[in-house]
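In case you want the letters, here they are:
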Amino acid sequence: MSIGEYPSTWLTGAGQAGNGGQAGQEQADAGLADAELADPGLASLAPGSMGPSPDLSGRLTALARVIQIGAARGGPEGFSQPLLADAEQLVARAGERLRLSPNHTVAVLAGGTGSGKSSLFNQMAGADFSAVGVTRPHTKDPHACVWGMDGAGPLLEWLGIPHRNRYARSSALSEGEASLGGLVLIDLPDHDSVAAGAAVETNRLVGLADLMLWVLDPQKYADASVHRRYLTPLAGHSSVIAVVLNQSDLLSPEQAEDCVSDLTRLLDTEGLHDARILVTSARTGAGLDELRKVLAATVTDRRAATDRIAADLDVMAERFAPYAGEARGAGLDTDTEDFAEVPPGSAVVLGDSFSKAAGTAAVGQALQSARELRAVDYVGWAVSWLIDR
């Protein structure tokens, strides 16, 4: 069997489905004992509702199985150890997220210094929770505003939001907004901050978010630091990404239209064809109603967490693709049994390994001795036979 005959098949959704229970490290550990080899063939993963669908659970279990197989195949022809480490982190992260509150959606506001993301955060929260400024660095710690705190505590602990930076919408104001119930909105540190650890914290929370809102401004919307470091690597995550062009009050309608057109072109070249683009102004409030509608729709669907995990699995499957062998008879009906070709050289090695594991050499020697004794009984000299007895 060539290295990686099965991983891309498992990760793309054709593997043994899970039991629909909670995924993650506990499920992965159990899945290692129960997982079976998947039938070759590629099948796409349909987005499910919040809570692990059988397909998503099956893909996580399959990835855990690939990690177990890859760990035993080191050397130059084995799996990349950094790749296996990333896959293991994905299984653990996905399991932890799916075990936590299914009634909350984690949305992060990410952007550079002076983009106005903290101003947007305060506008959405209805109070000046996060300090604003245009000098670098300014936002150094994450701030979170929660619409509906019931059950959000463990999720905020997992996200690592300091207690002093947690705000409850219903307690901070006279009344909450029902359409946003279950939203956890986080103002991230500036991604271009020079403060120690700020970039690391931003990267960590971007990796944990269900929905990513990238806040750009008219002056720096094409900044290579955000496109190369974040948006380009997130190609394939369009369903959980929205780009907010803020400070539209500085532009005329024609200029705003030109910026949106150029930004759309940039996102298309980066593979983010379906990413939503919103035009806002935290100063005047323009576009905030549309932003609220996007957040409310995402919270109501409760699919952002599973969509994010599914997108991460798609990216991981692409990284495993170079290790995948081509299955014979690909494209046949799914009811038809189909097995991967075993290369001749690998077949010899595999046969020798099975032979040693089964102890066939010892069995052969014992059988040879028994046959020799039986042969003496039939063709040996009678005097020798009597002496031996």
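Residues numbered from 1 in each chain as written. Predicted model: local features only at pLDDT ≥ 70, side-chain atom pairs only at ≥ 80, totals over all residues. Heavy atoms only, no water.

Caption draft 1: Representation of the overall build of the chain in the model. For the chain, the count of helices and strands is 15 helices and seven strands. The buried share of the chain, taken over its 389 residues, is 43%. Once local pairs closer than 6 in sequence are excluded, the contacts in the chain between residues at least 24 apart make up 77%. Accessible surface, the chain as shown: approximately 19300 Å² in total, 54% of it carbon and sulfur. (Helix = DSSP H or I, 4+ residues; strand = E, 2+ residues; numbered from the N terminus. Buried < 20%, exposed > 50% of the residue type's maximum accessible area, 1.4 Å probe, protein only. Contact = heavy atoms within 4.5 Å. Areas by Shrake-Rupley, 256 points an atom, 1.4 Å probe, with all protein chains shown as cover.)

Caption draft 2: Summary view of helix α9 (residues 224-231). All of the buried residues along α9 are Val226, His227, Tyr230 and Leu231. Projected down its long axis, α9 shows its buried positions confined to an angular sector of 110 degrees, all on one face. (Arc of directions from axis to C-beta.)

Caption draft 3: Layout of the layout of surface pockets. Volume-wise, the largest pocket comes out at about 540 Å³. Elements represented by at least two residues in the lining of the largest pocket include exactly α4 (81-99), α8 (198-208), α9 and α12 (304-320). A breakdown of the residues in the lining of the largest pocket according to their chemical character gives eight nonpolar, four polar and seven charged. (1 Å grid on protein atoms, 1.4 Å probe; cavity = no way out; pocket = protein on both sides within 12 Å on 5 of 7 lines; lining within 4 Å. Points joined across faces, edges and corners; volume = space filled by probe spheres on them. Nonpolar A, V, L, I, M, F, W, Y, C, P; charged D, E, K, R; others polar.)

Caption draft 4: Seen up close, the environment of threonine 300. Within the secondary structure, threonine 300 is located in helix α11 (residues 288-301). A relative accessible area of 59% means that threonine 300 is categorised as exposed.

Caption draft 5: Up close: the sheet that holds strand β2 (residues 143-146). Sheet architecture is open: seven strands sit in the order β3-β2-β4-β1-β5-β6-β7, paired in mixed fashion. On the outer flanks of this sheet lie β3 (166-168) and β7 (276-279), each paired with one strand and no other. Across the sheet, the mean angle from the axis of one strand to that of its neighbour is 20 degrees, orientation sign disregarded. Direction of pairing for β2 relative to β3: parallel, over a ladder of three bridges. Counted as the bridge partner of alanine 144 is arginine 166 from β3. (Pairing = 2+ DSSP bridges. Axes fitted to C-alpha atoms, helices over the stretch in contact; angles between N-to-C directions.)

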